[in-house]
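One letter stands for each residue in the lines below.
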Amino acid sequence: MVRPSSRGAQAQCAHFSIFGGKKPESVKMEWQPDPAGLQQILQLLKESQSPDTETQRAVQQKLESLNQYPDFNNYLIYVLTKLKTEDEPTRSLSGLILKNNVKAHYTNFPAQVTDFVKKECLANIGDPSPLIRATIGILITTIASKGELQNWPELLPHLCSLLDSNDYNICEGAFGALQKVCEDSAELLDCDALNRPLNTMIPKFLQYFKHTSAKIRSHAIACVNQFIISRTQALMVHIDVFIENLFALANDEDPEVRKNVCRALVMLQEVRMDRLIPHMHNIVEYMLLRTQDGDETVALEACEFWLTLAEQPICKEVLSGYLDRVIPVLVNNTRYSEIDIILLKGDVEEDEQIPDREEDIRPRFHKAKTHTPSEEQDGQDSDDLDDDEALSDWNLRKCSAAALDVLANVFRDDLLPNLLPILKETLFHPDWEAKESGILVLGAIAEGCMNGMVQHLPDLVPFLIKSLSEKKALVRSITCWTLSRYAHWIVQQQHELYLKPLMTELLKRVLDTNKRVQEAACSAFATLEEEACTELVPYLGYILETLVYAFNKYQHKNLLILYDAIGTLADSVGNHLNKAEYINMLMPPLIAKWNSLRDEDKDLFPLLECLSSVATALQSGFLPYSEPVYQRCVNLVQQNLQQSMVGIQPSPDSKMAALSQPDQFEPPDKDFMIVALDLLSGLAEGLNEQIEPLVSSSNILSLLFQCMQDKMPEVRQSSFALLGDLTKACFQHVKPCIADYMPILGANLNPEFVLLPFAADFMPILGANLNPEFISVCNNATWAIGEISIQMGADMQPYVALVLSQLVDIINRPGTPKTLLENTAITIGRLGYVCPQEVAPMLQQFIRPWCTSLRNIRDNEEKDSAFRGICSMIHVNPGGVVQDFIFFCDAVASWVNPKEDLKEMFFRILHGFKNQVGEENWRRFSDQFPLPLKERLSTQYGV
């Protein structure tokens, strides 16, 4: 055993200063704990295992305070590795506290403490206790992840040498530690700085695939698995041996081994399908078997195979002959097990009076506002198989349903001959568990098999609507979800047939006595709102009556989902909501909730999002509520900015406390600022010029200037959205700030990397963490520039050079997202509209992507101003459009109903070009047009 390192005077003094006693003279001796101090720490460790929360909190504070003493961590490692007579939970807890100290304070450890901890770890990796071995392994990988692989050169060679030990405990402990290091430091293990240790480690791991111990075999596979997705060269050169060894373990008796074999084959599909193709028949047979494994964790890993295979081009070819066997297995796996039902409290039908536990409420993250040319916000994906969130986030039931979903998208209606007979049996099965799984499957295949299902929907939809009244709450809740998957078809039929009955029953379920059903019904109704939009207007009174009643009925968790349903309704029906009777129903409970929440309450997030949609929809109808809402939003922004500045103001001791000492400063949650900015945007959009008095009496524009320079992309994204909306609503207040705002907007026009005008001090800290994706920031900045251009007119001229070249870069960049392309094209057009002389010289550099970007958006004011701009630029620089004139013709033809003066501009350009080239050349040129384009131009413009 490695002897403890000797301690210096500092450690010795520190140990006395923790537990009392005199500070001795500096004496060099082996480190040993003070018996009294050791007993105090053991007592604290035992007390921390108390079920009493207050006791745990007090112990936690005491343990944290001990970190000020350098040799406190010596005591912790001593308890873990030396006190073998102590109970294992106490020893393990000591190691886990040490692990946390390593994560938080490792750079402050004295060298002798670090050395002592490392030596003790390596000397005791073979402890007889599996729990202690695992704890030491966790400690080792935590130290390694703190950059210590380079400063601990003996670690990997020593652990690898221990694999050859005849002592099982030593071999298993070393392998367990290596597995954790491979998981946490995979990239570092394949770098030159460490002389690429994987070149020797992977061949060694492969030798242990045939070890007599299942645990060792499992460790060996798990270690190698860490390097599949990254295509690590050290593994790729041994790929055939690896696959051969996996096949040899296919029928291993140990479930952990089987699980790791399945995981490896799933990942190999993604990176080395070429090596699997010759064996695909056997692999499919194996995965079919394993997807039915008695161990659900193995079955889950195997089920992932079908998800991954569906993404491969050869999926159809490989699986066509197996659908009759794969489909029944996947459908069977969607049934709730007895354990699932117990965990879900499936036997509890009425629980609406039971308060929610706070730990059951998932944290919510606000999605910052993004402007799209069609004025539509990206909706939340409501198609998640989120019917059993009380279980783990991902389980065999969800994975099987997801596999059916993706396979339906591959095979489309070819899936139905194998599936429909099974559905017929399960949907009408007397056991509710079978019926529930059939309804889940029916929802899972909705997208992929919609064409083939249409003929069955006239019978199935009424059946599903009737199932909303089933006795079992779990059946009612999954039925809500499945009906939402067919909402698109339902709203296209006669309302009396399906929409009205569905809406009636779904709103009953919104008021269900079971909280799970309430949640599912609210989410499904939000999907129905998105699909039906203004088709719901005739039923608004009934809908609002139900949703408002739910305010007084719902517990905490579902109240947050109710806000989403109300916000989605407002987005869907727009200003149809602006009626006194609707406002009087809806606003009082919303404002009462608004007034009851504290500024630091995170329930403000969904409520602010909801109010943003409501304010936009109600327009002037929101005016009576606008002033307190507006002022609170401004206050939220100001408070958040002030809290941020506390940590970055220069102080006598620290220039940037929040960033350099994050453990001493808790930065504010900027989601509060983001949702407040977005609600202000909603107010500006809804109230329009009526917001002017509120803006004039507040400091929002100076706050906006700070927010636009925030290091968090989402803050800037929402800031630019608000800037654009304020520009449209009350430009007289924005105009004096334009000279300050434009350089910031220009600096945010690179969607790949945004370098902000922060102090240089920030960059070393931020540099390693900069996210390369700033698409939404760039998108909103681009849109705001376009809105400013329209308001500024010719006064925009000094700023054109600041932004034009970046905009032209964006529109020509391959892979630019559609929304950003459209906004960029509109903004370039608007710049050209107000400053044609400055923009027209670059016409040839952007005209083709400009035309293709705008040909598919609907007629609206933004498109109108952009096309006026392009016409003005063509007038200034007609040569810039000549080479790509066919694209201009196509873009002009995309207009359904242009205003007369714009149509006249198109007419003059088209006929001018035709006259310039002559009748014969025009005929040859127009012969290239697709027939619909040729006919449209002839009909509309006579060319």
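Keep in mind that what you see is a predicted model, and the values were worked out from it rather than measured. (Residues numbered from 1 in each chain as written. Predicted model: local features only at pLDDT ≥ 70, side-chain atom pairs only at ≥ 80, totals over all residues. Heavy atoms only, no water.)

Undergrad: I tried to follow the packing of helix α44 (residues 775-792) against helix α46 (residues 818-834) on my own but got confused; where do I start?
TA: A pair of packed helices is characterised by two quantities: the angle between their axes and the separation of those axes. For the pair α44 and α46, interaxial distance at closest approach is 8 Å and the crossing angle is 25°. Classified by the angle their axes make, α44 and α46 are roughly parallel. The way α44 lies across α46 gives a crossing that is left-handed. The residues of α46 that touch α44, namely those facing I775, C778, N779, T782, W783, I785, G786, E787, S789 and I790, are T819, L820, N823, T824, T827, R830, L831, Y833 and V834. For the contact of α44 with α46, the class distribution of residues is nine nonpolar, eight polar and two charged. (Axes fitted to C-alpha atoms, helices over the stretch in contact; angles between N-to-C directions. Helix = DSSP H or I, 4+ residues; strand = E, 2+ residues; numbered from the N terminus. Parallel < 35°, antiparallel > 145°, perpendicular 65-115°, else oblique. Left-handed = near helix turned anticlockwise from the far one by under 90°. Contact = heavy atoms within 4.5 Å. Nonpolar A, V, L, I, M, F, W, Y, C, P; charged D, E, K, R; others polar.)

Undergrad: How should unusual backbone geometry be read in this particular structure?
TA: Backbone geometry follows two general trends: most residues other than glycine have a negative phi, and most peptide bonds adopt the trans configuration. At R231, a residue that is not glycine, the phi angle is positive and equals roughly 55°. You can see R231 is positioned in the loop between α12 (214-225) and α13 (233-236). Residue classification places R231 among the partly exposed positions, given a relative accessible area of 45%. Within the chain, C533 stands out as a residue other than glycine whose phi angle is a positive 50°. Its place among the elements puts C533 in the loop between α30 (515-532) and α31 (540-551). (Buried < 20%, exposed > 50% of the residue type's maximum accessible area, 1.4 Å probe, protein only.)

Undergrad: What is the right way to look at the pattern of salt bridges in this model?
TA: Two side chains with opposite charge may pair up if their charged atoms get near one another. Applying the stated criterion across every chain, the model contains 45 salt bridges. Among the salt bridges present, the one from D127 reaches R91, with a minimum N-O distance of 2.8 Å. Linking D127 in the loop between α6 (111-123) and α7 (130-148) with R91 in helix α5 (residues 88-105), this pair joins segments that are 36 residues apart in sequence. For D127, a relative accessible area of 3% translates into the label buried. By relative accessible area, R91 is classed as buried at 3%. One salt bridge in this structure joins K934 and D927, with 2.9 Å as the shortest N-O distance. The exposure class assigned to K934 is partly exposed, which follows from its relative accessible area of 30%. (Salt bridge = Lys/Arg side-chain N within 4 Å of Asp/Glu carboxyl O.)

Undergrad: What's the story with a nonpolar patch on the surface in this structure? I'm lost.
TA: Residues I339, I342 and L343 make up a contiguous nonpolar surface patch of roughly 330 Å² in combined accessible area. Considering the arrangement of structural elements, one finds I339 in helix α21 (residues 338-343). (Patch = residues over 30% accessible without salt bridge, like charges linked within 9 Å, V, L, I, M, F, W, Y side chains within 5 Å. Areas by Shrake-Rupley, 256 points an atom, 1.4 Å probe, with all protein chains shown as cover.)

Undergrad: What should I look at first to understand the packing of aromatic side chains in this one?
TA: Per the stated rule, a full pass over the model turns up 25 aromatic pairs. Taking 6.1 Å as the distance between ring centres and 70° as the angle between the ring planes, the aromatic pair formed by F913 and W922 counts as edge-to-face. Neither F913 nor W922 differs from the other in exposure class; each is buried. Ring centres of F925 and F929 lie 5.2 Å apart, and the angle between their planes is 80°; this geometry places the pair in the edge-to-face category. Each of the two residues, F925 as well as F929, counts as buried. Taken together, the ring pairs connect W850, F867, F885, F888, W895, F906, F913, W922, F925, F929 and Y941 into an aromatic cluster. Its end group placed over the ring of Y336, R397 keeps NZ or CZ at 3.8 Å from the ring centre. Positioned above the aromatic ring of W594, the side-chain terminus of R632 is 4.8 Å from the ring centre. (Phe/Tyr/Trp six-rings, centres within 6.5 Å; stacked < 30°, edge-to-face > 60°. Lys NZ or Arg CZ within 6 Å of the ring centre and 35° of its normal.)

Undergrad: Got a minute to help me understand the nonpolar core in this structure?
TA: Judged by nonpolar contacts, the single largest core of 319 residues is most densely connected at F242, W306 and W850. With 11 residues, helix α37 (residues 671-687) is the largest single contributor of residues to this core. The residues contacting W306, other than those within four sequence positions of it, are V284, M287, L288, T291, L319, V326, L330, A403, V406 and L407. (Core = buried A, V, L, I, M, F, W, Y, C linked by side-chain atoms within 4.5 Å.)

Undergrad: Explain the environment of H576 to me, please; I cannot follow it from the model alone.
TA: Following the sequence through the fold, H576 ends up in the loop between α32 (556-573) and α33 (580-596). Taking the C-alpha atoms as reference points, H576 and T534, 42 residues apart in sequence, are found 8.1 Å from one another. In this view, H576 contacts T534, V537, L540 and Y582; residues no more than four positions away in its chain are not counted.

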